[in-house]
Amino acid sequence: MTSREQQQEKVEVDASYTPAEIEIHKRNPDMEADWDSVREEIGYLGPDAQIKELQARAQQKLAEGIAARVQAGKRARDIHKEPGNIFGKLAFERYQAYRRADIQLDAAPKFGVQIDVRIYPPEIEVETNVLKLKGADSP
């Protein structure tokens, strides 16, 4: 082929517009909160430990109640050792014991919650369409 023939050869260009295709895949961020340090500081126990603690408190209260009644019985038995009305004193002491109020102060914990946040970048795929040339050299 001569250079003249090459110059005269026509090339067809398909210039129709074909938009690019884009796909974006997103994952929601993951967030986990670790409350263990806060729970330990305020004295929170797990369910099993709470049941054991409540049982231990009930046993202790029962034992203290029995001991107080036994002690009151011994004091009433030895009526001649204490001056005054021993039964009035026992009733007043029992009244004072049951009237006792438990005060519990709660405050903010020293340690905060451990928060772990994982943010995932979006996955973006772009597929562009290339212009197609039709001519002698192209398939």
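All figures in this text were calculated on a predicted structure; none of them were measured in a lab.

Turning our eyes to something else, we now look at helix α4 (residues 86–99). An ideal rise of 1.5 Å per residue puts 20 Å on 14 residues; α4 measures up with 20 Å between its terminal C-alpha atoms. The N-cap of α4, judged by a side-chain oxygen 3.2 Å from the amide nitrogen of F87 a few residues on, is N85.

This paragraph deals with a negative patch on the surface. There is a patch of like negative charges on the surface, built from E21, E23, E123, E125 and E127. Secondary-structure elements contributing two or more residues to the negative patch are β2 (21–25) and β5 (123–127). Locating E21 in the fold gives a position in strand β2.

A word on the environment of Q50. Within the fold, Q50 resides in helix α3 (residues 47–77). Here Q50 falls in the partly exposed class, since its relative accessible area comes to 35%.

Moving on: the pattern of salt bridges. Oppositely charged side chains may form a pair once their charged atoms are brought near each other. For the structure shown, the criterion picks out six salt bridges. Residues R75 and E82 are paired through a salt bridge, measuring 2.9 Å at the closest nitrogen-oxygen approach. When its relative accessible area of 19% is taken as the criterion, R75 is described as buried. According to the relative accessible area criterion, E82 is partly exposed, its value standing at 25%.

Time to look at a nonpolar patch on the surface. A surface patch of nonpolar side chains, amounting to about 400 Å² of accessible area, comprises I22, I24, I124 and V126. At the level of elements, β2 and β5 are the ones that each hand at least two residues to the nonpolar patch. You can call I124 exposed: its relative accessible area is 52%.

Taken N-terminus to C-terminus, the directions of α3 and α4 make an angle of 165°; their axes are 10 Å apart at the nearest point. When the axis of α3 is compared with that of α4, the two are roughly antiparallel. α3 and α4 meet at a crossing whose hand is right-handed. For the pair formed by α3 and α4, the contact residues are A72, R75 and A76 on the first element and I86, F87, K89, L90 and E93 on the second. Split into classes, the residues belonging to the contact of α3 with α4 amount to five nonpolar, no polar and three charged.

For D36, the position within the fold is in helix α2 (residues 36–42). Judged by relative accessible area, which is 42%, D36 ranks as partly exposed. Along the backbone, D36 and V113 are 77 residues apart, and their C-alpha atoms lie at a distance of 8.1 Å.

On the secondary structure map, R75 appears in helix α3. Side chain to side chain, R75 and E82 meet in a polar contact 2.9 Å long. At a separation of 2.5 Å, a polar atom in the side chain of R75 contacts the side chain of E93. Excluding its chain neighbours within four sequence positions, the residues that come into contact with R75 are E82, I86, K89, L90 and E93.

Rules used in this analysis
- Residues numbered from 1 in each chain as written.
- Predicted model: local features only at pLDDT ≥ 70, side-chain atom pairs only at ≥ 80, totals over all residues.
- Heavy atoms only, no water.
- Helix = DSSP H or I, 4+ residues; strand = E, 2+ residues; numbered from the N terminus.
- Expected span 1.5 Å × (residues − 1).
- Polar contact = N/O pair within 3.5 Å; in protein donor to acceptor, adjacent residues only side chain to side chain.
- Patch = residues over 30% accessible without salt bridge, like charges linked within 9 Å, V, L, I, M, F, W, Y side chains within 5 Å.
- Areas by Shrake-Rupley, 256 points an atom, 1.4 Å probe, with all protein chains shown as cover.
- Salt bridge = Lys/Arg side-chain N within 4 Å of Asp/Glu carboxyl O.
- Lys, Arg positive; Asp, Glu negative; His and termini not counted.
- Charge placed at Lys NZ, Arg CZ, Asp CG, Glu CD.
- Buried < 20%, exposed > 50% of the residue type's maximum accessible area, 1.4 Å probe, protein only.
- Axes fitted to C-alpha atoms, helices over the stretch in contact; angles between N-to-C directions.
- Parallel < 35°, antiparallel > 145°, perpendicular 65-115°, else oblique.
- Left-handed = near helix turned anticlockwise from the far one by under 90°.
- Contact = heavy atoms within 4.5 Å.
- Nonpolar A, V, L, I, M, F, W, Y, C, P; charged D, E, K, R; others polar.

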